[in-house]
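# A structural walkthrough
Next come the chains, spelled out residue by residue.
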Amino acid sequence: MSDLDRAIAQLRACRPIPETEVRELCHKARELLIEEGNVVTVNAPVTICGDIHGQFHDLMELFRVGGDVPDTNYLFMGDFVDRGFYSLESFLLLLCLKVRYPDRMTLIRGNHESRQITTVYGFYDECLRKYGSANVWRYCCDVFDYLALGAIVLGASYTLPASPGRPLATPPGADVEIEVCNADQQIISQFLRKGRGDPPNGSMENGVVQQSNGVSSSTPTNTGPPGSGASGSSGGSLGNPAGAVLCVHGGLSPLIDSIDKIRLLDRKQEVPHEGAMCDLLWSDPDEIDGWGLSPRGAGFLFGADIVKVFNQKNDLSLIARAHQLVMEGFKEMFDATIVTVWSAPNYCYRCGNVAALLELSEDDSGLGVLARSNGDVNRSDGGFPGGGAGPLRGVLTESEVDSKPLLPGPARRYRVFMAAAQDSRGMPAKKPVADYFL
Amino acid sequence: MSAPSIPNLLSLLGGRGSRGRSRGGSTGTTTNQSSSSSHDATIQGTDTDASISRLSAVDLGYLRDPFASHFVTQRQRSSPTRRLPIINRGTYTRTTGIDFLVSKFLSSTDPTKPRQIISLGAGTDTRSLQLFSSFAHQNISYHEIDFPTMIGKKQFVICTALWTLLSPLNPSSEPNTSSTTYSFTRSPSNTLTLHPLDLRSLTQSLPLPNLSPSHPTLIISECCLCYLPPSTTSQIISSLSTHFPSSGIIIYEPIEPHDAFGKMMVSNLAARGIEMPTLEEYPTQASQEERLRREGGFTQVKSKTIDKVWDDWVSLVEKERVDELEGGLDEVEEWKLLAGHYLIVWGWKGDGLEMRE
């Protein structure tokens, strides 16, 4: 594997590898990815990342903040390429790391991992510029077709381990659900678990996390400690693993009511313009009821009711997704049943946003993984091919939702980071695509 | 975000941006001559890129404009001229938005009598040529004011490349004290006059040749006055609006410099040597509206961000057509951010015109 390690070293320095090596790398990656299901199972601990968009130096910053590979397990939710100036280096590095450490790197497909989109948004032009031909772009696109569509994170802990060397600001025994840290490992804020009846915290809905000082009234969650009546995990105790987390680039689809249905898709193709596969990569959560038309022209908008029903039916406690720029790096919505994670700081060198990654820690209670339905084809009632084929069929009714409480979410640590100073790494700066229309 | 952490890529780039920024320097009288003229050059230099942005939108079918390609040289075309969808949509929306208001002005004024349009720092803007060559409107007297070098370039392109497109074209020129004002007449009644003039001199010298104070007059500043010191711009607005009692005004410029996006915008532009003093002076939609009331005495004042212009003024059919051109706009959030930082503010006063939505 010395060749691979050499390629990794070269790419880490932001230098492209020769075309022949790209071809070989892509070939290996495809062999690896073809074995993966549409929905990859990943065990906690894992660090979940959103869009990268060719911002190579910021990807290096992400690794600095989140820990290097293979010390940290990573799950990247797609959109590795386009917009930034270093799509090629960013994607090839991630792919090298995937081939080198297949169990520690999970890459799922974003809507930009597509032939059509990359010809419009920059990756195609970049390959042409850097290699003089479209071959490398073609090799990469062939890999895109094999990327998984989603991942399920199992065994994430319900409680947050203390940051190494950094005692929690809250009293011992406090039940921290969310912790936000900056790039220097300092805790910015914490949120304790709370009963379900409390109103959702508006500031959290907007991703603006304020210093809570451990005051529970500002805790933005619907779930409560086991036994409090606010949680559905009857046998739960501190340290129990939380419900599973679904990771997908965009969101849900009206054609998909169970994770099993994702597993049955034929994913090895260019992202279609419509249909379930397209929706998973293109849809967005929104403050609406049910489904709505997407302003993007692909995928759908979906409301809190859709998420809650889907999570319940599939024994999920959380959906983690990317796809949308959020200025604060992450944004929890719908009583923390879905979160957007965005990992491209100062997006397009223009937006002034910070980025975030989401750490889910490993449950060490020894109680094992919760029983779930989502791993077993045909287990759930709405499973293929029996019923629920129509877009809006197969979902639970409101009364069913109420009778089956939501699973408690895993404890979440967000690390927020800013754009890397490119010049400090001695990289040649390229002509930006960022612009203002003045 | 601290300055050292900002990727400084933009500083390596020559003039980039968009159109219509060939205007008076922003540095004012307090700055020494060399830095002032170098800023003038920076601002003028960006016009090249502006014409390319426009051409990108035209080539991809966003805008119809037979003139745009003539303002981009062969050498400039050798580099890729295609812009990203978000920029193309921006070029489209602001052009459409201003066109919409110009047509409101024209349709509210008497077509049998002269109507005047004054475009400040027009650069390679082609709106004048479109209106001038269109038979849809009569009695338009269009005036462009810009640096002599910019006017010279435009006059040259009109007289060479665009001659046939604009035919029949009757040119005339009128030597002034320092330079020459060019006029073109297209039968029966439309004229285009190019005034080679530093905008900063407008605070003193009115009237300009071929302009009558008694005709309804529309003043357009498409990202132009923002490069000048606020004291200068308010004098320009005030002297123009005093000179033309029946007048309308359209100003297009960025706003909101204090949020995260705005700070990055200011910093990125500064890295390119571009300052926008009015951005600090009129940072919000409300302060931009107030500016027109106070400095220009405009009794009716309205405004819309480019984001809202797209939402409100572009028809559903047209939205669909535009979105389809590049397979849909993926950058929805970025669009809202970017387009939310640009404002069209407009106002009118006096008799014989109206610019209601």
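Everything numeric here is computed off the predicted structure, so don't read it as measured data.

### Points about the overall build of chain A
- A tally of helices and strands in chain A yields twelve helices and 16 strands.
- In chain A, which comprises 438 residues, the proportion classed as buried is 57%.

### A short note on the overall build of chain B
- Within chain B, the secondary structure is distributed over 13 helices and nine strands.
- Restricting to contacts in chain B with at least 6 residues of sequence separation, those with at least 24 account for 79%.

### Things to note about the nonpolar core
Residue and element names in this part refer to chain A.
- Counting residues in hydrophobic clusters, the biggest one holds 216 residues, and the most contacted among them are I48, V153, C247 and V341.
- When residues of this core are assigned to their parent elements, the largest contribution, nine residues, is made by helix 4 (residues 87–100).
- Residues within four places of I48 in sequence aside, it is in contact with L75, M77, C247, A320, V341, L357, L358 and L360.

### Some details on the UniProt feature "binding site: S-adenosyl-L-methionine" (unreviewed entry) in chain B
Residues and elements named next belong to chain B.
- In this structure's numbering, the residues bearing the UniProt feature "binding site: S-adenosyl-L-methionine" (unreviewed entry) are R94, G121, D198, L199 and E222. With the annotated positions falling across 129 residues, the maximum pairwise C-alpha distance of 24.8 Å shows that they are not confined to a single cluster.
- Within the secondary structure layout, D198 lies in the loop between strand 5 (190–196) and strand 6 (217–222).
- D198 gets classed as partly exposed once you count the C-beta atoms within 10 Å, which come to 15.
- Along the chain, the position of L199 falls in the loop between strand 5 and strand 6.
- Judged by the 24 C-beta atoms lying within 10 Å of it, L199 falls in the buried class.

### A closer look at the sheet that holds strand 5 (residues 150–154) of chain A
Residues and elements named next belong to chain A.
- Ordered in space as 1-5-8-12-14-13, the six strands form an open sheet in which the pairing is mixed. At either margin of the open sheet sits one strand with a lone partner, and together these are strand 1 (39–43) and strand 13 (330–333). Strand-to-strand twist in this sheet, taken as the mean axis angle between neighbours without regard to direction, amounts to 20°.
- Here strand 1 runs beside strand 5; their pairing, made up of five bridges, is parallel. Counted as the bridge partner of T41 is I152 from strand 5.

### Some points on the packing of helix 2 (residues 19–33) of chain A against helix 7 (residues 135–144) of chain A
Residues and elements named next belong to chain A.
- Between helix 2 and helix 7, the shortest axis-to-axis distance is 9 Å and the interhelical angle comes to 10°. Taken together, the axes of helix 2 and helix 7 are roughly parallel relative to one another. On helix 7, the residues that touch E19, V22, R23, C26, A29, R30 and L33 of helix 2 are N135, V136, Y139, C140, D142 and V143.
- Looking at the contact of helix 2 with helix 7, its residues break down into eight nonpolar, one polar and four charged.

### Describing the sheet that holds strand 6 (residues 176–181) of chain A
Residue and element names in this part refer to chain A.
- Strand order in this open sheet of seven strands is 4-3-2-15-16-6-7, and the pairing throughout is mixed. Two strands bound the open sheet, and with one partner strand each, they are strand 4 (105–107) and strand 7 (187–192). The mean inter-strand angle of the sheet, taken between neighbouring strand axes irrespective of direction, is 20°.
- Judged from the five bridges that link them, strand 15 (residues 355–360) and strand 16 (residues 412–417) form a sheet pairing that is antiparallel. Paired with L358 across the bridge in strand 16 is Y414.
- Most of the contacts of helix 3 (residues 56–66) go to strand 16, to which it runs at about 135°, and overall it touches strand 2 (46–49), strand 15 and strand 16.

### Points about the confidence of the model for chain A
All names here are of chain A.
- Mean pLDDT over chain A: 82, with 74% of residues reaching 70 or higher.
- pLDDT under 50 marks residues 196–239. Its contacts with residues more than four places away, or in other chains, come to 93 contacts.
- Confidence drops under a pLDDT of 50 for residues 424–428, and excluding neighbours within four residues, the segment shows four contacts in the predicted structure.

### Topic: helix 10 (residues 285–296) of chain B
- End to end, helix 10 of chain B covers 16 Å across twelve residues, agreeing with the expected 16 Å (1.5 Å per residue, within 8%).
- Looking one or two residues beyond helix 10 of chain B, the residue adopting positive phi is G297 of chain B, at roughly 65°.

### Observations concerning the environment of T233 of chain B
- Within the secondary structure layout, T233 of chain B lies in helix 7 (residues 230–243).
- Once residues lying within four places of it in the same chain are set aside, the contact partners of T233 of chain B are L225, L228 and T278 of chain B.

### Regarding the environment of P148 of chain B
Residues and elements named next belong to chain B.
- Examined against the element boundaries, P148 turns out to sit in helix 5 (residues 148–159).
- We classify P148 as partly exposed; it has 15 C-beta atoms within 10 Å.
- Each C-alpha atom of the pair P148 and T180 lies 8.7 Å from the other, and the pair is 32 residues apart in sequence.

### Details of the pairing of strand 6 of chain B
Residue and element names in this part refer to chain B.
- With respect to burial, strand 6 is a largely interior element, six of its six residues being buried.
- Side chains T217, I219 and S221 of strand 6 all project onto a buried face; the interleaved residues L218, I220 and E222 project onto the opposite face, where all are buried too.
- Pairing between strand 1 (residues 115–120) and strand 6: five bridges, direction parallel. For I118, the partnering residue across the bridge sits in strand 6 and is I219.
- Of the strand pairs in this sheet, strand 6 and strand 7 (residues 247–254) are connected by six bridges, and their pairing is parallel.

### Quick word on unusual backbone geometry
Residues and elements named next belong to chain A.
- A cis amide bond links A44 with the next residue in sequence, P45, at an omega value of 5°.
- Mapped onto the elements, P45 comes out in the loop between strand 1 and strand 2.
- Cis geometry is found at the peptide bond from V69 to P70, where omega equals 10°.
- With respect to the helices and strands, the residue P70 is situated in the loop between helix 3 and strand 3 (74–76).
- The residue C14 is not glycine, and still its phi comes out positive at about 65°.
- The residue C14 is located in the loop between helix 1 (2–12) and helix 2 in this model.
- If you check the backbone angles, H53 has positive phi at about 55° while not being a glycine.
- Checked against the element boundaries, H53 lands in the loop between strand 2 and helix 3.

### Notes on the environment of K302 of chain B
- Among the structural elements, K302 of chain B can be located in strand 8 (residues 300–305).
- In this structure the C-alpha to C-alpha distance between K302 of chain B and R356 of chain B, which are 54 residues apart in sequence, comes to 8.7 Å.

### Observations regarding the UniProt feature "domain: Serine/threonine specific protein phosphatases" (unreviewed entry) in chain A
- Mapped onto the present numbering, the UniProt feature "domain: Serine/threonine specific protein phosphatases" (unreviewed entry) falls at residues 108–113 of chain A.
- Taken end to end, residues 108–113 of chain A comprises 0% helix and 0% strand; its first and last C-alpha atoms sit 9 Å apart.

### Thoughts on the confidence of the model for chain B
Residues and elements named next belong to chain B.
- Residues at a pLDDT of 70 or more form 86% of chain B, whose mean pLDDT is 84.
- Mean pLDDT in chain B bottoms out at helix 2 (residues 74–77), which sits at 73, and peaks at strand 8, which reaches 98.
- Scoring of the predicted complex yields 0.83 for pTM and 0.80 for ipTM.

Parameters at a glance
Think of each chain on its own: its residues are numbered from 1, step by step along the sequence as written. Just so you know, chain letters begin at A and ligand numbers begin at 1, following the order they were written in. Where totals are concerned, whole chains, interfaces and linings use all residues; where local detail is concerned, this predicted model gives features only for residues with pLDDT of at least 70, and gives and counts side-chain atom pairs only at 80 or more. Numbering of helices and strands runs from the N terminus, with a helix taken as a DSSP run of H or I at least four residues long and a strand as a DSSP run of E at least two residues long. Residues are called buried when their C-beta atom has 20 or more other C-beta atoms within 10 Å, exposed when it has 12 or fewer, and partly exposed otherwise; all C-beta atoms are positioned from the backbone. We call two residues in contact when their backbone-placed C-beta atoms lie within 7 Å. Throughout this description, the term nonpolar core refers to a group of buried Ala, Val, Leu, Ile, Met, Phe, Trp, Tyr and Cys residues whose C-beta atoms join them within 7 Å. UniProt positions are given in the numbering used here, feature names are shortened, and annotations may be inferred rather than shown by experiment. Two strands qualify as a pair provided DSSP detects at least 2 bridges between them. Only C-alpha atoms enter the line fits that serve as axes; for helices the fit covers just the stretch in contact. Angles between N-to-C directions range over 0 to 180 degrees. Small angles under 35 degrees read as roughly parallel and large ones over 145 as roughly antiparallel, with 65 to 115 read as roughly perpendicular and the rest as oblique. Here the nonpolar group is Ala, Val, Leu, Ile, Met, Phe, Trp, Tyr, Cys and Pro; Asp, Glu, Lys and Arg are the charged ones; every other residue, Gly included, is treated as polar. Every residue carries a pLDDT, the predictor's confidence in it, which falls somewhere between 0 and 100. One fewer than the residue count of a helix, multiplied by 1.5 Å, yields its expected span.

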